[in-house]
Structures are given as C-alpha cells and as structure tokens.
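Secondary and tertiary structure notes
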Amino acid sequence: MTDHRSRLHINLAILAVGLAAFALVPSFANSGLIFLAGMVAINVVFALSWNLLFSGIGLLSFGHAMFFAGGAYTVAMLSLKLPGMPFLLALLCGAAIGGLLALIFGFVALRRASGIYFAILTLAFAELIHIVITRTSFLGRNDGLVGIRRPTIDLGLFSINLAGGNRYYYFIIILMALIALALWCLQNSAAGRLMQAIRQEPMRAAFLGIDTQRWRLAAFVVSGCVAGLCGAALAPWAGIVSPELAHWSVSTQPVLYALLGGTGVFWGPAVGAILFGAVSYLTRGIHGVADLTVGMLLLAVVLAIPGGVLGLISRFAGGRGAGAAPGRALPFTRKVEKAS
Amino acid sequence: MTNLTRRHVLAGVTALGGGLMLPLPYIKRAKAQESLTIGVVTPLSGPQQLIGNFVKVGAEIGADYVNKNGGIGGRQVKLEFRDDRANPNDASVAARELVGLGANLQLGTISSAAALAMGPLMQSEGGVVITSGAGTEKINHENYSPNVFRVGDNPYMRNHGLVRHIVEKNPEISSWGGIIPDHEYGRTTWAVFVDAMLTIYPELTGKQPDIKQPILVPYGAGDYKTFIAQAMRLPVDGIYTSVYGGDAVTLYQQAKPYGFFDKIKVLLDSANEFLVAKAMGNQVPKHWSGFHWYYETNKGNPLSDDLYNEYVKRTGDKYPMGWAAEAQAAILAYKAAVEKAGSSETDAVIEALKGLTFDSATGKRIIRPEDNQAIKNVELCFIEPSAEAESGFAVTDYVQVDGAKVIEPPTPGEPLQLKAL
C-alpha cells in the first residue's frame, strides 16, 4: 500500500499537469476557447464539490445549482453595489452564501429525508431559489445582473488588475487548482475517511459513536461553500449572472460530469467536465444535434463503462479493485493511486 | 483480457495528440481578406429554436441578396452560425469565439439575457452586435452599450403602435384586462401597454380607460384552466396578452372551449405573429397581432418580396415570420454601414451605424445615434378563421403605424419612464 505522502505527490503531479494544460490554452486558442476553458475549470471544481457529497459521504444532491447561483449572485451584487469591496472578500462572501444556503436547506432536508427523498428535496429547494431570483427586482428578475467587472486584487504593497488580457483566466485556474487540492486533502484526511465510513456503513458508523447527521450536514455545507465559490468566480468571468444559473439543468451538470468521468475516482468528475466541455465544443457546429450527441455519449458511457472513463482506465491498468461497480463508487483514494 | 503495454500507451497518446493538434492551426485564424465574415449567434436548439430558425434563414437570404448585388464594398458576405440556446453563457462563448475568428460584426441574439450580456462582452472584445428581436427595453435604456444595436422595434414602439391603432379603430372599448406571462418580458410589455393606454386613450377619446389588474400566468405552464376561469370573470371588453410561443398556443387552445373569445370584443396579441394561427388553423380566435414584418403589407418592396419568395422556396412554409426580416435587416444595416465607413473595423462600423438610414423589408429604417435604437414602422395584422384558406386562417386586415410617432425619447443609461395604474 502506498503511503499518504506518495499519494499526495502523485495527485500533486496530476494537478500540476492539469494546471499546466489549462495554462497553455491562451497560447494557441482564441478568446472564445479561453472563455470556455475558464468555464470548464470552474465546472471541474463544481463537479468535485458535488462528488464530495456523492462519493464522499453518500448524499445525492439534485440541487447543487442553488449554491452555485448563490455564490454568483453574491459576487455580482457586491461588485455592482459595493465596488470598493476587496474582491477576495467578495469571493469569500460568495462561498459563505453557498455554505449558508446548504446549512439552511441541509438542516431541514437531512432531518426529514434520506436517499432519493433527500435528492428530490434538494431539487425542490433549488427550484425555489430559481423562482425567488426570477421574482426579485434587486436581483434583476429574469434578465439577471449585467456589467460585472473583472476585479483588481489589492494586496497592500501591490495590486493585481485582473481586467486586462487573460489575467482573470489565470486567476481562475490557479484558484480552482487550489480548491481541488484542498478537496483532495479533505477527502484523504481522517475526516474524509470518517465520511467514507458513513457512506459505506452508516449504521455501523453510528454505533461507533459518530454523529452521522452532523457529519452529513458538515459535508453538505463544505460542498455548498465550494459550489458557491465556483459561482462567485464565474460572475466576473461571464460578466452577467442570470436565473439560468439556478436552473435544474445546471444542477444536472455535475452529475453528468461525474458519471462521465467516474464517481469512484477523485479526478473522475474533473475528467468528465473536461470531456464534456470538449465534446460540446467540437459538436457546436452540428446545430440541433449537439445535445443529442452529448446525451448519446453519456448513455453509451453509463451503459458500457459504468465506472466512467477513469473507471475504464483503472480496469485496463488492472490494479486491485479496478473498475467501479455499476451504481457503486469505490474508495477514491485507492483508485487514484492505481490510475496514476 | 487486453494487455496494455507501454507501446500501446505511446501509440494512443501520439494518436490523441495528433488528433488534437490537427485543428490547432485553424483555431487562431487570420481574418479572411477576400470575404467578410458575419457571425450569427442565435438559438438553433432548445425551446427558442423555432425563432432562431427564422433568424438563420433570414440572415442567409439577406447575405445571398447582398452577395448577388455586389457584396459589401465588393467583398462577399460569409455567415458563421453558432447556437446560443438562448443562454447568456453559451452566447458569450460563441460571440467571443467568432470575434477571435475575425467575425467582429455579429447579429442574431433574441434572448434578452443574452442580448444584455453582449454589451460589456462586445466592448471588451471589440465587436458589435445587432439583435434580431430581443425584447428587453434595457438595451437602449439603463444597460445601453455603444456596441449593441437594435434595428427592429422595441416593446415601447410595438405596444404604443398597437394601442394607437386599436383605440382609433375601437374607441368604444375602454375596459381592458391582461393575461401576462409571469416573466420579465411579460411584465415589461404589460407596463408599456398600460402606459400606452393611459397616454393614448385620453388623447383620442377625451376619457380615461378602465384597466384591470392583469392575470399573471406561469411561464412554461402546461395548464392554464384556472387562469382562464379567472379571466372569464373579468368585466372587460378587451384583452391584451403577451403570452408567447408554445405557451400561447396552449393558452388559446384551452381558452376556446370556455367561450372566452366569444365573451370579449377585442383580443390584442403583442407578438405571436402566425405562431398561434399556424398551430390552431381554423380554430384560431379572431385577434390582432403585432409583427416585425408582414409580407403583404410590404408587397412591392423588392427586399420584402425577395425575402418572402426565397423563404417559401427554401422552406416550403408560406407563413414566414418577422424575425427573418430582422436578421435580413441586420445584414443590410451592416452593408450600408461598412460601405459608408469604408471599413469593417468595429469602431468605424459603430460610428457609421449611428444615424444610419438604410432600406429594409419594412421600408426605410433610421438608427438613432443616441441609443442605437432603430425607428421603423410598427406592423399589425388581424387574423381570423377562414373556410377558404388552405391553412384554415387568413389575414383580413393589416396596418402600418409610423414608428417615429410611437417611439419613446432616447434616454441611454436611464430606465424607461412609464405611467402606471
């Protein structure tokens, strides 16, 4: 068995390769592709935040868009109403709003439901947020909020203007890489192993004295914070926030990314998000059938390789426990070790 | 069991790398000098695809017409289409990519949120966009951007035109109600309708109109029966509705068995053109509908005739709708602007578009320099069932209202000021 330090090194290497690949995009791509790459980087972490719940502690969320939209609208509002506020503080506020929404809804939903009932409740809550946004004047109703500028980060001795060139893009990919690393560390810590225990054997974990409900709520809040932070980073990137961010279709995205990449491997949702972005981009010229292509691809992956793309690679690699079983995510810490 | 060797991996990586590298030289392409590429970003899939298809065909017909007549400044027009799915993020990716490919002149946006996203984006990317039916009034008011133009009518013009005609024709109808989608577009159109009624009705009749609170119906609902029952109890002679697309078809179909359309004297539909009539055939209720362009009104105008004939030839559909004319008008506006400026560079085209007068399928249009809003005629048609018509319906009356008489004053950067109940 590889020790924690080795696994950390391997995953740092994976992260560095991914970061380098994203960093190279501006050297050959036009601004549309750079914008898409930025969106993909955000989606990578958005999907990882969802998988923290699904593979991390065994909660299925169909309402992750509410945290994403919460973070995005927070930064948009702060940017428009309090333009003097330090951007990093605004980002933290976005994450905090995502976490607060998760705390409120998690507190209610986790007490009352579990399994698919919990998933349906999250979907309902997210739709509630969507409707509230479309009916709230100061949130711009259906038109959303426009004119969110890319910020300047004031670090006391010097400031970094992220408005020009591709600087905000680099900021996004570095920020997302740091969050992904933090998520990996969390999931490979004692707390992460405890969450795994709750996912695999909740009753046994409870018998061992673990307050499973509290841990589930904590994971839900952490996941909400990360999703909120992703939304917060998106707002200045897109320049507009609109109610579509809270739409159920956005909630399905991390689920699709995770299915495509593989839920049983830590980097599975990240790979899914990148593949999804690439397929969407490459099929953009096939008007009207782009969604169909993506849907067919997804169906093929789910039916033919239930463990996702990384699950398939793990199976080919032939290591222990390779190939996540259909509908069951295997412990990701081991999987990463074999995949790499 | 497959044996994965290092050779396999190397071969796979090489093939993958080769595959990825292949399109790279084309990703950052230099601008084509021999032709002028115009980007068209519009919904080509999803719920708004129906309207996006009108934009697509209209743009193609407009480009072909221009190319047959010498191109733009001698350069042939080439269109590059992208699907925005009426989503601001997809529209942003597409618009940025097209600017990167050299298509700094763009058109086609019909979603209000996507159109609003275009302002800051185009300013930062150095492009210009002409919308093709985006309804929000904010484009030329509080969210005005010098890089966004609307060569069609806006909600203020449309509704003031409709109300002026209806009041002139039916001054005895003073009580009005509304069935409005609970959506930004619905609320805006109702607010403008109320403003128009409160302004025009007293001016033409010397009396005050009686306007009831509107019935707000859910956006995208499949069942309107509760709201129809509520509307049946409204003591009004006229109904205004801005429910549109598939929702309007459902609403009209469900309202008919209630006898709703027999109860009221006038039904005023802000924007469905032939959408409802084509779906309902001879079951369509008599109603006035606002149009971006109606071909019979503009018969004899070579641009209108070309658009109609080409549209029917290409699609087999005898009822083209106004979004096609908006896309054609955008192409014609770019032709006039580029030739006036002698350049297709963004700043020069923006400068030339401001104050530009150009021909279109609905006649002369003038783009106001202050807020980039075109002054054009407002068109409306009276549609009713017809036993003779193959389609089951016919247009039995149509009018044009002078756009200059119903347009609001330009106030870029300021919200639209309206009278309210």
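Thresholds, definitions, all that
- Residues numbered from 1 in each chain as written.
- Chains lettered and ligands numbered in written order.
- Predicted model: local features only at pLDDT ≥ 70, side-chain atom pairs only at ≥ 80, totals over all residues.
- Heavy atoms only, no water.
- Helix = DSSP H or I, 4+ residues; strand = E, 2+ residues; numbered from the N terminus.
- Buried < 20%, exposed > 50% of the residue type's maximum accessible area, 1.4 Å probe, protein only.
- Contact = heavy atoms within 4.5 Å.
- Rg over C-alpha atoms; globule rule 2.2 N^0.38 Å.
- Areas by Shrake-Rupley, 256 points an atom, 1.4 Å probe, with all protein chains shown as cover.
- Lys, Arg positive; Asp, Glu negative; His and termini not counted.
- Charge placed at Lys NZ, Arg CZ, Asp CG, Glu CD.
- Salt bridge = Lys/Arg side-chain N within 4 Å of Asp/Glu carboxyl O.
- Phe/Tyr/Trp six-rings, centres within 6.5 Å; stacked < 30°, edge-to-face > 60°.
- Lys NZ or Arg CZ within 6 Å of the ring centre and 35° of its normal.
- Buried area = accessible area lost by both parts, 1.4 Å probe.
- Polar contact = N/O pair within 3.5 Å; in protein donor to acceptor, adjacent residues only side chain to side chain.
- Nonpolar A, V, L, I, M, F, W, Y, C, P; charged D, E, K, R; others polar.
- Pairing = 2+ DSSP bridges.
- Axes fitted to C-alpha atoms, helices over the stretch in contact; angles between N-to-C directions.
- Core = buried A, V, L, I, M, F, W, Y, C linked by side-chain atoms within 4.5 Å.
- Patch = residues over 30% accessible without salt bridge, like charges linked within 9 Å, V, L, I, M, F, W, Y side chains within 5 Å.
- Disulfide = S-S within 2.5 Å.

Topic: the overall build of chain B
Within chain B one finds 15 helices and 16 strands. In terms of its C-alpha atoms, chain B occupies a principal-axis envelope of roughly 80 × 65 × 45 Å. Looking at the 421 residues of chain B, the share that counts as buried comes to 59%. If you take every contact in chain B between residues at least 6 apart in sequence, the share linking residues at least 24 apart comes to 70%.

A closer look at the overall build of chain A
Tallying secondary structure elements over chain A gives 14 helices and four strands in all. In summary, chain A has a C-alpha radius of gyration of 19 Å against a globular reference of 20 Å for 340 residues, a match within 12%. Seen through its C-alpha atoms, chain A measures out along the principal axes to roughly 50 × 50 × 45 Å. Evaluated residue by residue, chain A yields a buried proportion of 53% over its 340 residues. Pairs at least 24 residues apart make up 74% of the contacts formed inside chain A by residues separated by at least 6 positions. Carbon and sulfur atoms make up 70% of the accessible area of chain A, which amounts to about 14400 Å² in all. Each charge class in chain A was averaged separately, 22 positive and 9 negative side chains, and the resulting centres sit 5 Å apart.

Concerning the pattern of salt bridges
What the rule picks out here adds up to 28 salt bridges over all chains. For B:K169, the salt bridge goes to B:D397, with nearest N and O atoms at 3.5 Å. Here the residue B:K169 occupies a position in helix 6 (residues 155-169), and B:D397 occupies one in strand 16 (residues 393-401), the gap between them amounting to 228 residues. With its nearest N and O atoms 2.6 Å apart, the salt bridge here joins B:D371 to B:R368. Salt bridges linked by common partners bring A:R135, B:D182, B:E184 and B:R187 together as one network.

What about the packing of aromatic side chains?
Residues and elements named next belong to chain B. Taken as a whole and assessed by the stated rule, the structure comprises 35 aromatic pairs over all chains. Between F274 and F393, the aromatic rings sit 5.8 Å apart at their centres with planes inclined by 40 degrees, giving tilted as the arrangement. Of this pair, F274 sits in the loop between strand 10 (266-269) and helix 11 (275-280) while F393 sits in strand 16, and the two are 119 residues apart along the sequence. With a centroid separation of 4.8 Å and 45 degrees between ring planes, the pair formed by Y319 and F393 is classed as tilted. Of this pair, Y319 sits in the loop between helix 12 (302-315) and helix 13 (322-341) while F393 sits in strand 16, and the two are 74 residues apart along the sequence. Each member of the aromatic cluster is reached from another via a ring pair, and the members are F274, F291, W293, Y294, Y295, Y308, Y319, F393 and Y398. Against the face of F81 rests K56, its NZ or CZ located 5.2 Å from the ring centre.

Describing the interface of chain B and chain A
Taken together, the 34 residues of chain B in the interface contact 34 residues of chain A. Regarding the contact of chain B and chain A, the summed buried area is about 2900 Å², with carbon and sulfur atoms giving 56% of it. The closest approach of N and O atoms between A:R135 and B:D182, which form a salt bridge, is 2.8 Å. Linking chain B with chain A are ten residue pairs in polar contact (both at pLDDT 80 or more). Where the side of chain B that touches chain A is concerned, the elements lending two or more residues are helix 2 (24-27), strand 2 (76-83), helix 4 (88-100), helix 5 (112-125) and helix 7 (184-205) of chain B. Among the elements that make up the side of chain B that touches chain A, the one with the highest residue count is helix 4 of chain B (seven residues). Counted by class, the side of chain B that touches chain A contains 13 nonpolar, ten polar and eleven charged residues.

Section: the sheet that holds strand 4 (residues 128-131) of chain B
Residue and element names in this part refer to chain B. In space, the five strands of this open sheet follow the order 2-1-3-4-5, with parallel pairing throughout. Of all strands in the sheet, those with a lone pairing partner are strand 2 and strand 5 (148-150), marking the two edges. The average angle at which neighbouring strand axes cross in this sheet is 25 degrees, direction not considered. The pairing of strand 3 (residues 105-107) with strand 4 spans three bridges and is classified as parallel. Within the sheet, the bridge partner assigned to L107 lies in strand 4 and is I130. Strand contacts of helix 13: strand 1 (35-42), strand 2, strand 3 and strand 4, with the helix running at about 160 degrees to strand 3, the strand carrying the most contacts. Packing of helix 14 (residues 346-353) onto the sheet brings it into contact with strand 3, strand 4 and strand 5, and relative to strand 4 it is tilted by some 40 degrees.

A short note on the nonpolar core
It is characteristic of soluble globular proteins that their nonpolar side chains tend to be buried jointly. Formed by 103 residues in total, the largest nonpolar core has its most connected members in A:I42, A:M176, A:W237 and A:V241. Here this core takes 16 residues from helix 2 (residues 31-54) of chain A, the largest share from any one element. Setting aside residues no more than four positions away along its own chain, A:I42 makes contact with A:F68, A:I172, A:M176, A:C230, A:A233, A:L234 and A:W237. By size, the runner-up hydrophobic cluster in this structure holds 81 residues, among which are B:V55, B:A221, B:W293 and B:F393.

A short note on the side chain of A:N30
All names here are of chain A. With respect to the secondary-structure elements, N30 resides in the loop between helix 1 (4-28) and helix 2. A relative accessible area of 5% places N30 in the buried class. Within the structure, N30 has its side chain in polar contact with the backbone nitrogen of G32 (distance 2.9 Å).

Remarks on the sheet that holds strand 12 (residues 357-360) of chain B
Sheets are built from strands paired through backbone hydrogen bonds, the pairs being either parallel or antiparallel. Residues and elements named next belong to chain B. The strand order across the open sheet built from three strands is 12-13-14, with neighbouring strands paired in antiparallel fashion. Looking at strand neighbours, the two that pair on one side only are strand 12 and strand 14 (374-375), the edges of this open sheet. Note: strand 12 against strand 13 (residues 363-367), four bridges, orientation antiparallel. If you follow S360 over to strand 13, its bridge partner there is G363.

Section: the environment of B:I366
Residues and elements named next belong to chain B. Within the secondary structure layout, I366 lies in strand 13. Sequence separation between I366 and K419 is 53 residues; the distance between their C-alpha atoms is 27 Å. Aside from chain neighbours lying at most four places away, what touches I366 is L356, T357, Q373, A374 and I375.

With respect to a nonpolar patch on the surface
On the surface, A:I286, A:V289, A:L292, A:M296, A:L299 and A:L303 cluster together to form a nonpolar patch covering roughly 590 Å² of accessible area. Locating A:L299 in the fold gives a position in helix 12 (residues 290-304).

Quick word on the state of the cysteines
Residues and elements named next belong to chain A. Overall, the coordinates contain zero disulfides over all chains when judged by the stated rule. C93 carries a free sulfur, and the closest cysteine sulfur to it, the one in C225, is 12 Å from it. The thiol of C230 is not disulfide-bonded; the next cysteine sulfur, from C225, is found 11 Å away.

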